[in-house]
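Structural overview
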Amino acid sequence: MITLTDRSDGTTRAQTSLPALGVALVLLTVVTGLGVAMADTAIAGADRTPDERRVAAAIADRLVAADGPLAARSNVLNQSRVDDFDQSALVQNAPPASEYAVSIELADEEIARSGTVHDGTRISRLVVVESREARTLTPDLATTDAVTLPRRSARATVTIDPPSGTTVWTVRANDRVVLHNRSGLDGSYEVSLVPYETTELRFQRAGRLESGNVTISYDAPRSTKETLVVTVDG
């Protein structure tokens with residue numbers, strides 16, 4: 001006795017699976033293509049980013065170095081040098097800026113740029129920006145013989161105009177004698193100070209000094225903490 005098997009259900013299931021398999025193959029092809037494209041982009045970005053980062057770090061290190069074009073000392077920038085910094089100074093002090101698009105920002109303000117920066121790689125450095133403003137003191141030396149100047153003042157101009165009958169013969173800066181004339185000091189004198197310490201100017205005299213007989217002009221330092229940002233776009 002021969003038994004016939006009905007294959008219609010299996011054939012139907014096989015025919016139904018063919019379109020699904022085709023869709024899966026199409027999706028696999030699309031996903032593979034996207035994956036390859038993304039991988040190519042990632043590889044290109046990976047090839048470029050380390051070079052940009054190396055250049056940006058080198059320029060940042062140069063700008064904040066003690067002997068750099070902006071620095072008063074290591075990681076301390078001189079505001080006057082910052083104000084004078086431009087594209088020419090950037091290219092001169094950072095040669096890669098002639099090959100890459102480079103932007104230098106300080107306190108969120110661009111101070112120099114070479115080329116056009118679209119995105120690129122950013123390197124930041126925390127710095128102190130130091131500026132100076134001229135100040136003049138007219139101390140009342142009727143009740144004291146000393147006046148104190150702030151730290152980081154490297155130089156002062158001392159003007160002595162004693163009244164008749166008064167002689168000022170010595171001026172000391174802390175323990176140092178910076179001016180001396182036994183017959184009397186009268187006029188304006190440049191005095192060098194130690195910038196890393198508070199300076200007390202002391203006047204050795206005979207007779208009375210009133211307000212206005214001595215004036216002291218000096219550059220007062222002012223410091224602010226800022227962020228220097230170097231962006232390099234290859």
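Scope of this entry: the structure provided in the associated data block. Everything quoted here is computed from the prediction, not taken from an experiment.

**A short note on the overall build of the protein chain**
Looking only at helices and strands, the protein chain features 3 helices and 12 strands. For the protein chain, the proportion of its 234 residues judged to be buried stands at 30%. Per element, the accessible surface of the protein chain, about 14,200 Å² overall, is 51% carbon and sulfur.

**Considerations on the pattern of salt bridges**
Under the definition given, this model contains 10 salt bridges. Measuring nitrogen to oxygen at the nearest pair gives 3.1 Å for the salt bridge that ties E130 to R73. Of this pair, E130 sits in strand β5 (residues 121–137) while R73 sits in strand β1 (residues 71–73), and the two are 57 residues apart along the sequence. The partner of E110 in a salt bridge is R113, and the shortest N-O contact between them spans 3.4 Å. Its relative accessible area of 39% is what places R113 among the partly exposed residues. Each member of the salt-bridge network shares a partner with another, and the members are R73, E130 and R132.

**Here we look at the side chain of S114**
Within the secondary structure, S114 is located in strand β4 (residues 109–114). Among the polar contacts listed, one links the side chain of S114 to the backbone oxygen of A97, at a separation of 2.8 Å. Among the polar contacts made by the side chain of S114, one reaches the main-chain carbonyl oxygen of Y100 at a distance of 3.4 Å. Not counting residues within four places of it along the chain, the set of residues in contact with S114 comprises Q87, L90, V91, A97, Y100, A101 and V102.

**A closer look at the packing of aromatic side chains**
By convention here, two paired aromatic rings are described through the distance between centres and the angle between planes. The full count for this structure, using the stated rule, is 0 aromatic pairs. The ring of W169 carries R182 above its face, with NZ or CZ at 4.6 Å from the centroid.

**Observations concerning the nonpolar core**
Formed by 26 residues in total, the largest nonpolar core has its most connected members in I59, V102, I104 and V230. Broken down by secondary-structure element, the contributors of at least two residues to this core are α1 (8–64), α3 (87–93), β3 (101–106), β4, β5 and β12 (214–233). If one sorts the elements of this core by residue count, α1 sits on top with 6 residues. The contact partners of I104, leaving out residues within four places of it in the chain, are I59, L63, L90, E109, E110, I111, A112, L228, V229 and V230.

**Digging into the sheet that holds strand β11 (residues 199–206)**
Strand order in the open sheet formed by 4 strands is β6-β11-β8-β9, with antiparallel pairing between adjacent strands. Looking at which strands have only one partner, the edges of the open sheet turn out to be β6 (146–149) and β9 (176–180). The sheet shows a mean angle of 25° between the axes of neighbouring strands, taken without regard to direction. As judged from the 6 bridges shared by strand β8 (residues 167–173) and β11, these two strands associate in the antiparallel manner. From the neighbouring strand, T167 faces β11, where its bridge partner is A206.

**Examining the pairing of β5**
Two elements, strand β2 (residues 76–78) and β5, share 3 bridges in a ladder whose sense is parallel. By the bridge assignment for β5, N78 is matched with E130. As defined by bridge partners, β5 adjoins β12 across 17 bridges and the pair is classed as antiparallel. Considered in β12, the bridge of V127 is made with E226.

About the criteria used
Residues numbered from 1 in each chain as written. Predicted model: local features only at pLDDT ≥ 70, side-chain atom pairs only at ≥ 80, totals over all residues. Heavy atoms only, no water. Helix = DSSP H or I, 4+ residues; strand = E, 2+ residues; numbered from the N terminus. Buried < 20%, exposed > 50% of the residue type's maximum accessible area, 1.4 Å probe, protein only. Areas by Shrake-Rupley, 256 points an atom, 1.4 Å probe, with all protein chains shown as cover. Salt bridge = Lys/Arg side-chain N within 4 Å of Asp/Glu carboxyl O. Polar contact = N/O pair within 3.5 Å; in protein donor to acceptor, adjacent residues only side chain to side chain. Contact = heavy atoms within 4.5 Å. Phe/Tyr/Trp six-rings, centres within 6.5 Å; stacked < 30°, edge-to-face > 60°. Lys NZ or Arg CZ within 6 Å of the ring centre and 35° of its normal. Core = buried A, V, L, I, M, F, W, Y, C linked by side-chain atoms within 4.5 Å. Pairing = 2+ DSSP bridges. Axes fitted to C-alpha atoms, helices over the stretch in contact; angles between N-to-C directions.

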